[in-house]
Amino acid sequence: MSPRDEAPASVSADAHECERVANMLPPGWHNPQPDGLYQLAIIGAGPAGIAAAELAASLGARVALIERTAIGGVNLNTGSVPSKTLIRTSRIYADMRDAPHYGADIPVGVDIDFVAAMQRVRRVRARLSRDDSARRLTAAGVDVYFGDARFVTGDTLTVDGRTLGFRKALITTGARPHIPNIPGLAQAGYLTDENLFELTELPRRLLVIGGGPLGCEQAQAFCRLGAQTTIVQNKPLFLGQEERDAAQILSEAFVRDGIEVRLNTTALAVRMTSGAKLVDLLSDDYRDTIGVDAILTGAGRTPNVEGLNLAAVGIDCHAGGRIRVDDFMRTGNSNVYAAGDVCLENRFVDAATASARIAVQNALLRRNRRWSAVVVPSCTYTDPEIARVGLSVREANRLGIPVKTFTIPMHEIDRAVTDSETAGFVKVHVRGRTDRILGATIVARHAGDMINEITLAMVAGIGLRTLSCVLHAYPTQAEAIRQAADAYNRTRLTPRVRSRLLRRIGS
Amino acid sequence: MAQFPPVDEALLDQLQRAAFEYFPKATNPLNGLVADNSRVNSPVSIAVVGFALAAYPVGVERGWMRRDDAVQCVLAALRFFRHSDQSGSSTATGFKGFYYHFLDIDAGARVWHSELSMVDTALLIGGMLAASQYFDSTSSDESELRALVDFLYRRVDWQWAQDGADTIRQGWKPECGFLHYGWEGYSEAILLYALALGSPTHPIAGDCYRKWTLTYQWENLYDIDCLYAGPMFIHQFSHAWIDFRGIRDEFMREKRSDYFENSRSAICIQREYARRNPREFAGYDENCWGLSACDGPSDERPDLPNERRRLYGYAARSVPYGPDDGTLSVPCVLASLPFAPEIVLPAVRSMLTRFPETWQEGRLASGFNPTLADTDGHAWVSAGHYGLDQGIVLMMIENHRSERLWQLTRENRHIRAGLHEAGFRGGWLQQSSSAGAR
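Residues numbered from 1 in each chain as written. Chains lettered and ligands numbered in written order. Predicted model: local features only at pLDDT ≥ 70, side-chain atom pairs only at ≥ 80, totals over all residues. Heavy atoms only, no water.

Asker: Teacher, can you tell me more about the overall build of chain A here?
Answerer: Helix and strand counts for chain A come out as 16 helices and 21 strands. Against the compact-globule benchmark of 23 Å for 507 residues, chain A has a radius of gyration of 25 Å, which places it among compact chains. Here the C-alpha coordinates of chain A stretch approximately 85 × 60 × 45 Å along the principal axes. Counting every position in chain A, which comprises 507 residues, the buried fraction comes to 54%. Sequence separation of at least 24 residues holds for 65% of the intrachain contacts in chain A that already meet a minimum separation of 6. As displayed, chain A offers around 21,600 Å² of accessible surface, 51% of which is attributable to carbon and sulfur atoms. Considering chain A, the positive charge centre built from 60 side chains and the negative charge centre built from 54 side chains are found 8 Å apart. (Helix = DSSP H or I, 4+ residues; strand = E, 2+ residues; numbered from the N terminus. Rg over C-alpha atoms; globule rule 2.2 N^0.38 Å. Buried < 20%, exposed > 50% of the residue type's maximum accessible area, 1.4 Å probe, protein only. Contact = heavy atoms within 4.5 Å. Areas by Shrake-Rupley, 256 points an atom, 1.4 Å probe, with all protein chains shown as cover. Lys, Arg positive; Asp, Glu negative; His and termini not counted. Charge placed at Lys NZ, Arg CZ, Asp CG, Glu CD.)

Dropping the structure here:
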């Protein structure tokens, strides 16, 4: 954690935290003594590093896994796991608030218990940390080292005073929150996803700087947990990677939740007055100042490449710090690969693990698997969720691919109506005048689950014609996908086809 | 155009004349500027001035206004803009040939810290060109009128508004420079691009338009193929000036459609949405629809932080994803007339019969909300009238009845050149103009 970060109210060392720490960074851990050449040395034990180590060990390779702080990386300790756990609790409160919408009464005496919510976060985190513990990895045949790794030559590195020889190396050191350069922010203190989940008290007023997935998810969660929440985004819409309709539905959901939405707005400066953080905001020519108790930031990520001595072994980086890799996940040094957030533009856990497995196969088995052939879905876990896979219409247009979108609003789906979850849509993009799926965007309460069907179809080369033949359990929200396929099928009924069918019916 | 029953002709005549009467009433005769709406202290909207300039030829043709008076109204506005403060200061009228969105009706100076608006300037210039095309006599006044329009059009620096980007910026303010509202997706900007591409002095590059169309989405929604845009006005505002029947850009050629057909599809989608009425608002059905930019009820409480909103005030309402708070716009339905009269006329009759309270002083209110009915069952109705509503209604009824405004712009060489540069081909663009394009 950076020394500039907010000092959250201290977390009592409860049993869950003790278990997690024991799993992630066992007390009294002794690094093994290297015994000969490693066939694969992996630097960084986040999701990508763990996936790579498990695969390499299962192939029978001698593997070293080196971690600077704690096994599990951002995902388990500060990222998706705690974030989604807290979001679930916030949804419970939102559902209770919306009870009259479902013909139910709002339960009497609903007080938000933030401490209990955060306790649950720690319990879940401890539970999931068992799968990725240092001892379990060791039992699987992985030599786990704790310490700072540094390349010495193209086939050696040092960690904790030891020199490790390797045939191939894989860098999976991930990325950390990028802190915007706002005067006064460091002095006033701020939260990032690295320390947000250590909070034990709910900030009464929260400012979220940045309208990417992290900012949007946490702004909604904290608002639903009772914080007066303002979100500022220096662009015209949230979630710049998503399509306009998805971002607009999210903006509307935020307004309904009571989040103060400030688009096209920049945070200029922060100062402390009487214990409150005063933040100067600028929206075009309109300046104002808001008072808050906490600031959450960390829009974007900075790759963790410092101290690795990359240049000395011929590994170069993009301008933003990402390690430059080719389509086979190989760096500028042909013995060294990289995977996950440290080199990918799309920073998702599933992309990190998939890229790591490709790197391992290419490094150890001399395969030529390409990253560009992988279909990567992603999801922002707001309510409604926003999930995407494949090409967007914008990307298809830029590539000169004719594209047509089959859209089913969720209000057309019986199960969405029965559940009063009609905000959103399924949009499936196909190549013009064919049923070949190029990509899709789904906005729905459970869009993250629904997108998997489209991903499967894309990987298996299944088109909309076949999808329309797949019975979907009724009533489910995933029926929207079949309805999109049915809509495609109806477009095949041109007047000529129809008259031919009529002739057949007549005969 | 097809003949309609006398009862419809009479109704249309009545509604169109009432819309026309908004402009003389809302105009400052000293400078030709027109109020945005009929409420007290309303500022001028430059887009409404553009609609007024197009309304005067209609008024003359329909016998509602003497030609000399119309010329004087147009001249007053043109002379004002010709001599207006173009310094771009915070209290000027414009900059680089563009104008601030809202102006003081007496001094013509910028108000409300409004932005220098590219699309609203385009609507103003569109009105100027229509007037210039219509007032074609050799009298000194009409000659001056045409010279002024030519000067004002040539003065607009469309290249500057591109700001080095792929597409034209939406706005600019002296306090902060260009605004960064996204131009993503189909919008009402075709007229803006046609004028910018056809400029004899500061044209933008042709691929600027193509880059904009790369953000389009061609969708199948409710089994209807459509270039999607949620609010109805997007399917009308360029169409009021330009006859899109049979002319196609590269995008529409590939889709085997055109922007006129597309507006017809948008009407069908609006109607389908209202029939399904997913949010269960009162009044909605296949003959009661119209989600667009309009005035509606508001529950905004500026004194309360983080209040939950259900009503959106003046907003661009949209199908099928919203915002939708139960507010509908009769003007946007009526302005759809040329695209689908067989759908629009029954809808207008039905809405006016069921909600006569939306018809005030003979003119249509901007928005009404039947879900928020009073104890007598009367829908919530927006107070007064908005110039944009009256302008688009007047122009679209006229295009439906006589195609007069379409004919005027079809004859304009700048608009023809701009459309051609944007890649439009076919239809009337292939024919030479009747009297030699000006």
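Asker: I would appreciate a short explanation of the packing of aromatic side chains in the present structure.
Answerer: A ring pair, where both rings are aromatic, is described by two values, the distance of the centres and the angle of the planes. All names here are of chain B. For the structure shown, the criterion picks out 41 aromatic pairs over all chains. With centroids separated by 5.3 Å and ring planes inclined at 85°, the aromatic side chains of F98 and W158 adopt a geometry described as edge-to-face. Of this pair, F98 sits in strand β3 (residues 98-99) while W158 is found in helix α6 (residues 158-162), placing the two residues 60 residues apart along the sequence. In this structure F98 comes out as buried when scored by relative accessible area, which is 0%. With 5.7 Å between their ring centres and 35° between their planes, Y186 and Y259 make a pair best called tilted. Note that Y186 is positioned in the loop between β7 (177-178) and α7 (190-198) and Y259 in helix α10 (residues 259-276), a separation of 73 residues in sequence. (Phe/Tyr/Trp six-rings, centres within 6.5 Å; stacked < 30°, edge-to-face > 60°.)

Asker: Is there a simple way to think about helix α13 (residues 447-460) of chain A in this case?
Answerer: Side chains that are three or four residues apart share a direction in an α-helix, a result of its 3.6 residues per turn. Residue and element names in this part refer to chain A. Helix length check: α13, at 14 residues, gives a terminal C-alpha distance of 20 Å against a target of 20 Å (1.5 Å per residue), a fit within 8%. All of the buried residues along α13 are A447, G448, M450, I451, E453, I454, T455, A457 and M458. Of the surrounding elements, those touching the buried residues of α13 are β17 (378-380), β18 (385-390), β20 (425-431), β21 (437-444), α14 (464-467) and α15 (479-491). Count one or two residues on from α13 and you reach G461, which has phi positive near 70°. (Expected span 1.5 Å × (residues − 1).)

Asker: I tried to follow the interface of chain A and chain B on my own but got confused; where do I start?
Answerer: One frequently used descriptor of interface size is the decrease in accessible area upon assembly of the parts. With 39 residues of chain A in contact, the opposing surface of chain B contributes 45 residues. When chain A packs against chain B, close to 3,400 Å² is buried across both sides, 44% of that on carbon and sulfur atoms. Summed over the shared surface of chain A and chain B, the number is seven salt bridges. The set of elements that each furnish at least two residues to the side of chain A that touches chain B consists of β9 (228-232), α9 (244-257), α11 (393-398), β19 (403-409), β20 and α15 of chain A. Ranked by residue count, the leading element in the side of chain A that touches chain B is α9(A), at seven residues. The residue makeup of the side of chain A that touches chain B, split by class, is eleven nonpolar, ten polar and 18 charged. Pairing of β19(A) with strand β8 (residues 218-221) of chain B, which is carried by three bridges, proceeds in the parallel orientation. (Buried area = accessible area lost by both parts, 1.4 Å probe. Salt bridge = Lys/Arg side-chain N within 4 Å of Asp/Glu carboxyl O. Nonpolar A, V, L, I, M, F, W, Y, C, P; charged D, E, K, R; others polar. Pairing = 2+ DSSP bridges.)

Asker: Please explain the pairing of strand β1 (residues 38-43) of chain A as it appears in this structure.
Answerer: Two faces, one strand: in a regular strand the side chains alternate between the faces of the sheet. All names here are of chain A. Buried residues dominate β1, accounting for five of its six residues. Relative to strand β6 (residues 162-171), β1 runs parallel, the two sharing five bridges. Its bridge partner being in β6, L40 is matched across the sheet by K168. Both β1 and strand β2 (residues 63-67) contribute to a ladder of four bridges, which runs parallel. Bridge pairing links L40 to V63 in β2.

Asker: Please explain the pattern of salt bridges as it appears in this structure.
Answerer: Any two side chains of opposite charge can pair, so long as their charged atoms come close to each other. The full count for this structure, using the stated rule, is 63 salt bridges over all chains. Note that A:D326 and A:R330 form a salt bridge whose closest N and O atoms lie 3.1 Å from each other. Overall, A:D326 belongs to the partly exposed group, its relative accessible area being 29%. Linking B:R17 and B:E21 is a salt bridge whose minimum nitrogen-to-oxygen distance equals 3.2 Å. Separated by four residues within a single helix, B:R17 and B:E21 lie in helix α1 (residues 6-26), roughly one turn from each other. Of the residues examined, B:R17 reaches a relative accessible area of 36% and is grouped as partly exposed. One continuous salt-bridge network, built from bridges that share partners, spans A:D95, A:R97, A:D98, A:R224, A:D257, A:D383, A:E421 and A:R445.

Asker: Whenever I open this one, the sheet that holds strand β11 (residues 265-273) of chain A confuses me. Can you help?
Answerer: Backbone-to-backbone hydrogen bonds pair the strands of a sheet. The strands run either parallel or antiparallel. Residue and element names in this part refer to chain A. One open sheet accounts for three strands, arranged β11-β12-β13; its pairing is antiparallel. Where the open sheet ends on each side, the last strands, each with one partner, are β11 and β13 (286-292). Strand-to-strand, the axes of this sheet are offset by a mean angle of 25°, without reference to chain direction. (Axes fitted to C-alpha atoms, helices over the stretch in contact; angles between N-to-C directions.)

Asker: I tried to follow a positive patch on the surface on my own but got confused; where do I start?
Answerer: All names here are of chain A. A cluster of like positive charges, contributed by R496, R500, R503 and R504, occupies part of the molecular surface. Among the secondary structure elements, R500 is positioned in helix α16 (residues 495-506). Judged by relative accessible area, R500 falls into the partly exposed class, the value being 44%. (Patch = residues over 30% accessible without salt bridge, like charges linked within 9 Å, V, L, I, M, F, W, Y side chains within 5 Å.)

Asker: Explanation requested: the nonpolar core in the structure shown.
Answerer: Where a protein is soluble and globular, its nonpolar side chains tend to be buried together. All names here are of chain B. F81, Y209, I242, Y259 and F424 are the most contacted members of the largest nonpolar core, which has 181 residues in total. Ranked by the residues each element gives to this core, the list is headed by helix α2 (residues 46-61), at twelve residues. The contacts of I242, once residues within four sequence positions are left out, are L191, A194, I247, W406, T409, I415, L419 and W428. (Core = buried A, V, L, I, M, F, W, Y, C linked by side-chain atoms within 4.5 Å.)

Asker: Could you clarify how one ought to interpret the sheet that holds strand β10 (residues 260-262) of chain A in this entry?
Answerer: Residues and elements named next belong to chain A. In spatial order, the strands read β10-β9-β8-β14; together these four strands make up an open sheet with parallel pairing. At either margin of the open sheet sits one strand with a lone partner, and together these are β10 and β14 (294-296). When the angles between neighbouring strand axes are averaged without regard to direction, this sheet yields 20°. One ladder, built from five bridges, connects strand β8 (residues 205-209) with β9; its direction is parallel. Counterpart to I209 in the pairing with β9 is V232.

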